Amino acid sequence: MTVKLTRGAVEALLKGSQVDNPVLQLLNIRQISNTTGPPRYRLMMSDGQHYLSSFLMATQLNHLAEENLLVPHCVCLLKRTTNNTLSDGRHVVVVVEMEILKSAEEAGGKIGNPTPCSTDASGKLSSPHKASSTTSEPSFTSAAEAPGPSSTNNNRGWGKSFTGKAPMKTSPMKTSPMKTSPMKTFPMKGSPMKTSPMKTFPMKGSPMKTSPMMASPMKGSPIKTFPMKGSPMKNSPMKGSANSPVSSTKVIPIATLNPYTSKWTIRARVTNKSNIRNWSNSKGEGKLFSFEIVDESGEIKITAFNNEVDKFFSLVEQGKVYYISKATLKVANKQYTTLKNDYEMTLHAHSSIVPCMDSQDIPTMQCDFVPIGELENQMKDSIIDIIGVCKSAEDVSRITTKTSREVSKRAISLIDTTGKVVTVTLWGEEAEKFDDSGQPVVAIKGARLSDFGGISLSALFSSTIMVNPDMAEAFRLRAWYDREGYAVDSQSLTETKSVSTGSKMNWRTLSDVKNENMGHGEKAEYFSCVATVVFMRKENCLYQACPSSDCNKKVIDQQNGFYRCEKCNRDFPNFKYRLLLSANLADFGDNQWVTCFQETAEVLLGRKAEELGQLRETDEAEFDEVFQKANFTTHIFKNRVKLETYNDESRVKVTVMEVLPVDHRDYSRRLLSNIRKLAC
């Protein structure tokens, strides 16, 4: 079936006109060289009538190009676009949200016979302006828009790269008595003009009654004069000052910000603000503070240093909305931010932050809450948003960190409609000021999921903690808890999967695991046991993995000195060894095959994977000795059990999450306790 493109959409989008969900065809795609951040892609789009290469794809859509879904001749639905101006003055259409309707194969090649959409050197649509000899008002046509040789050829194919500067070619007007380009004139101090300064084109025979320069006999290069202080001008078209929200610069969404955007202004709400912190390193010392802002499209972090701390700290208030402009955009350091944005901002001397009184349509917070019952399906150390009713809270305690610094700590228990309870640890000032009276609803943005086997959360320095927040999720949760939640027979995830030893661990024997059919439900289950290693398969316990820090995929030896990773789609001159160990554990009642990955296998064998890899290549006898020593050793194993299906065959898979030494005193007490229970 032939796809119908939205004719005229290309020209309308470049003009900045509203076009609802235009359907366009991709004719070409090119990656723009970028050394400071994620790659950017430039698109040549066609509506069947015209085509244009001034489309820029937002970075959140990069996966379409990287996964080869966005290829020439595919048909796309542009759900959201915005117009931006590059640093050299040219205009581009940024594609923020897009859906591929038909692949290139389904489209069957180029649709129609589109011609280039004519633009001038500044990226605007070319349109000759007619001069009138009867009017005395100056013309608004810029030098780049002056009639002259057609610039259509500049847009055939790809034209000039986005990273370059647009040429500004103009021609002297034949009807003008002046020999140079049109003059830009501005009223001088004391000028009686009350109208805006304008670019003027004197026409043949026109006396130019409104021009303040009509008496000038000069014929040289164009003159630019600017209004001095005290000018009575009332309607200046110049851009607003750094302290004024009124500016000719267009307000754009946060999601569209990128290093190619210039002269931007955003309107957003402050959702989190840090205290002033002092820093000191080899480069010197200073102070800083940061805050996070959100609008309807996304969120971003902003940091101020030294002088800007003094200038902006008292101005910025959490919960208020501001116009923000003239900040420096850079690639986000994910070590210090958990926001879902590839960039962050830094304020400088010329940055502007102006309060905005109209804040109706700006959201208060952008959260993606994870139900407590689904926490066990999340990756460890994940940064998540959580909301729940505070069922109980411990008293504040003081602990000493590794750097000998004392901090306050408080653990609170949250419950939600899943009936599950999780423990969240608050730190510092948040722990001290937290009030659990009335069992409030608590929402936390940016909490970290705990490590091995334990399901608990910890608030971070960058986390935002809200008590009884004004949001729909909080109202629904409050109503549920007051109606029925308070009486629910809840289950604490932290108690059954705690990282501490003792009674809080879910102790099971290996026979219990089989008799109770653990892991046969929809979700994985966890248990701890004391068991002895009786056998390990050493033949295929090591594999050559991708050397990238965030990739553990097996590499393919190319037999030419390079190793290929299909996941990264790269060739590497080296690799790293990874352990994937299969072992058989036994206790007094049964035995069980388990899988140990890198960290747990290294603890069990007492050697690093790299060492074992070298031994296997150089000293096989010592390699075998490592496994012999590990056999018949007894440990505490914390395990995850789940019924998995592979090739239509179902089997229970047990994965070791942590290996701990046996505390025989504690183990003996537990055995004595079990004997007493059985004797009753």
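Residues numbered from 1 in each chain as written. Predicted model: local features only at pLDDT ≥ 70, side-chain atom pairs only at ≥ 80, totals over all residues. Heavy atoms only, no water.

S.K.: When you look at the overall build of the protein in this model, what are you seeing that I'm missing?
M.R.: Looking only at helices and strands, the protein has 12 helices and 31 strands in total. Each of the 680 residues in the protein was classed as buried or not, and the buried ones make up 45%. Contacts in the protein between residues at least 24 apart in sequence constitute 63% of all its contacts with a sequence separation of at least 6. Total accessible area on the protein is roughly 37,300 Å²; 50% of this is exposed by carbon and sulfur atoms. (Helix = DSSP H or I, 4+ residues; strand = E, 2+ residues; numbered from the N terminus. Buried < 20%, exposed > 50% of the residue type's maximum accessible area, 1.4 Å probe, protein only. Contact = heavy atoms within 4.5 Å. Areas by Shrake-Rupley, 256 points an atom, 1.4 Å probe, with all protein chains shown as cover.)

S.K.: Please explain the confidence of the model for the protein as it appears in this structure.
M.R.: The predicted coordinates of low-pLDDT regions are not to be read in fine detail. Per-chain confidence: the protein averages 77 in pLDDT, with 77% of residues scoring 70 or above. Counted against residues more than four places away or in other chains, residues 127–157, with its pLDDT under 50, gives 49 contacts. Predicted confidence is poor over residues 496–504, with pLDDT under 50, and the contacts of this stretch with residues over four places away or in other chains come to 23 contacts. (pLDDT = per-residue confidence, 0-100.)

S.K.: Before we go on, may I ask you to explain helix H11 (residues 620–630) in this structure?
M.R.: Residues spaced three or four apart along an α-helix point in a common direction, a consequence of the helix completing one turn every 3.6 residues. Here H11 has its buried residues at Phe623, Val626, Phe627 and Ala630. Projected down its long axis, H11 shows its buried positions confined to an angular sector of 90 degrees, all on one face. The exposed set on the far side of H11, more than 90 degrees from its buried face, consists of Ala621, Gln628 and Lys629. For H11, the elements touching its buried residues are strand S22 (525–537), strand S23 (542–545), strand S28 (581–586), helix H9 (598–605) and helix H10 (609–618). (Arc of directions from axis to C-beta.)

S.K.: In this structure, what is going on with the sheet that holds strand S26 (residues 570–572)? I would like to understand it.
M.R.: Across the sheet, 3 strands lie side by side as S24-S25-S26; this open sheet has antiparallel pairing. Each of the sheet's edge strands pairs with one partner strand only, and the pair in question is strand S24 (556–557) and S26. (Pairing = 2+ DSSP bridges.)

S.K.: When you look at unusual backbone geometry in this model, what are you seeing that I'm missing?
M.R.: Both trends apply: most residues other than glycine have a negative phi, and most peptide bonds are in trans. Residue Asn569 is not a glycine yet carries a positive backbone phi of 55 degrees. Among the secondary structure elements, Asn569 is positioned in the loop between strand S25 (563–565) and S26. A positive phi angle is found at Phe632, which is not glycine, with a value near 60 degrees. As for its position among the elements, Phe632 is in the loop between H11 and strand S30 (634–646). Of the residues examined, Phe632 reaches a relative accessible area of 62% and is grouped as exposed.

S.K.: Quick question: what am I supposed to make of the sheet that holds S28 here?
M.R.: Think of a sheet as strands paired side by side through backbone hydrogen bonds, with each pair either parallel or antiparallel. Reading around the barrel, the 5 strands line up as S22-S28-S29-S31-S30 and close back on themselves, with mixed pairing between neighbours. Here the average twist between neighbouring strands, direction ignored, is 55 degrees. Across 6 bridges, the pairing between S28 and strand S29 (residues 591–596) is antiparallel. Each residue of the ladder has a partner; that of Ala583, found in S29, is Val594. (Axes fitted to C-alpha atoms, helices over the stretch in contact; angles between N-to-C directions.)

S.K.: What is the right way to look at the nonpolar core in this model?
M.R.: Side chains of nonpolar character tend, in soluble globular proteins, to be buried together. Core analysis: the largest hydrophobic core is formed by 32 residues, its most contacted members being Met536, Leu581, Leu605 and Phe637. Counting residues per element, this core draws most heavily on S22, at 5 residues. If sequence neighbours within four positions are ignored, Phe637 has contacts with Phe527, Ser528, Cys529, Ala531, Val533, Leu585, Leu604, Val656, Glu658 and Val659. (Core = buried A, V, L, I, M, F, W, Y, C linked by side-chain atoms within 4.5 Å.)

S.K.: Could you clarify how one ought to interpret a negative patch on the surface in this entry?
M.R.: A cluster of acidic side chains, namely Glu394, Asp395, Asp435 and Asp436, defines a negative patch on the protein surface. Inspection of the secondary structure assignment puts Asp395 in the loop between strand S15 (383–393) and strand S16 (397–400). (Patch = residues over 30% accessible without salt bridge, like charges linked within 9 Å, V, L, I, M, F, W, Y side chains within 5 Å. Salt bridge = Lys/Arg side-chain N within 4 Å of Asp/Glu carboxyl O. Lys, Arg positive; Asp, Glu negative; His and termini not counted. Charge placed at Lys NZ, Arg CZ, Asp CG, Glu CD.)

S.K.: Help me out: how do you make sense of the environment of Asn83 in this one?
M.R.: Topologically, Asn83 is positioned in strand S4 (residues 75–85). For Asn83, a relative accessible area of 18% puts it in the buried group. Taking the C-alpha atoms as reference, Asn83 lies 8.5 Å from Ile252; in sequence the two are 169 residues apart. With residues up to four places along the chain from it excluded, the contact list for Asn83 reads Leu13, Leu14, Lys15, Gly16, Val92, Val93 and Lys250. Among the polar contacts listed, one links the side chain of Asn83 to the backbone oxygen of Leu13, at a separation of 2.9 Å. From its side chain, Asn83 meets the backbone oxygen of Leu14 in a polar contact 3.4 Å long. (Polar contact = N/O pair within 3.5 Å; in protein donor to acceptor, adjacent residues only side chain to side chain.)

S.K.: Honestly, the pattern of salt bridges in this entry has me stumped. Any pointers?
M.R.: A side chain of one charge can pair with a side chain of the opposite charge when the charged atoms of the two come close. Overall, the coordinates contain 22 salt bridges when judged by the stated rule. A salt bridge links Asp590 to Lys514; its shortest N-O distance comes to 3.3 Å. Here Lys514 lies in helix H8 (residues 510–515) and Asp590 lies in the loop between S28 and S29, a separation of 76 residues in the sequence. Asp590 sits in the partly exposed class, given a relative accessible area of 25%. Several salt bridges converge on common partners, so that one network encompasses Glu299, Asp385 and Lys445.

S.K.: How do you make sense of the pairing of strand S11 (residues 321–325) when you look at a structure like this?
M.R.: For a regular strand, the rule is simple: side chains alternate between the two faces of the sheet. Counting buried positions over the 5 residues of S11 gives 4, a clear majority of the element. Where strand S7 (residues 265–273) lies against S11, 5 bridges are found, and the strand directions are antiparallel. Residue pairing across strands places Ala268 opposite Tyr322, the latter belonging to S11.

S.K.: What is the right way to look at the pairing of S28 in this model?
M.R.: Counting buried residues along S28, 5 of its 6 residues qualify, which places the element largely inside the surrounding structure. In terms of strand pairing, S22 meets S28 through 5 bridges, oriented antiparallel. Looking at the pairing, Arg537 lines up with Ser582 of S28. In this antiparallel pair of consecutive strands, S28 and S29, the connection spans 4 residues.

S.K.: Please explain the packing of aromatic side chains as it appears in this structure.
M.R.: Note on aromatic pairs: each is described by the distance of the centres and the angle between the planes. If you walk through the whole model with that rule in mind, you get 7 aromatic pairs. A ring pair is formed by Phe575 and Tyr577, whose centres lie 5.2 Å apart and whose planes are at 90 degrees; its orientation type is edge-to-face. Judged by its relative accessible area of 5%, Tyr577 is buried. When the ring centre of Phe313 is taken as reference, the NZ or CZ atom of Lys273 above it lies at 3.8 Å. (Phe/Tyr/Trp six-rings, centres within 6.5 Å; stacked < 30°, edge-to-face > 60°. Lys NZ or Arg CZ within 6 Å of the ring centre and 35° of its normal.)

S.K.: What's the story with the packing of H10 against H11 in this structure? I'm lost.
M.R.: Helix-helix packing: each pair is described by the crossing angle between the helix axes and the interaxial distance. Direction vectors running N to C along H10 and H11 enclose 135 degrees, while the axes themselves pass 6 Å from each other. Relative to H11, H10 is oriented oblique. The segment H10 lies against H11, with Leu612, Leu615, Arg616 and Thr618 engaging Glu620, Glu622, Phe623 and Val626. Taken together, the residues that form the contact of H10 with H11 break down as 4 nonpolar, 1 polar and 3 charged. (Parallel < 35°, antiparallel > 145°, perpendicular 65-115°, else oblique. Nonpolar A, V, L, I, M, F, W, Y, C, P; charged D, E, K, R; others polar.)

S.K.: Is there a simple way to explain the environment of Thr655 in this structure?
M.R.: Position of Thr655 among the secondary structure elements: in strand S31 (residues 649–660). Since its relative accessible area comes to 9%, Thr655 is described here as buried. Distance from Thr655 to Thr595, taken between C-alpha atoms, is 4.9 Å for residues 60 residues apart in sequence. Those residues in contact with Thr655, other than ones at most four positions away along the chain, are Thr595, Phe597, Lys638, Asn639 and Arg640.

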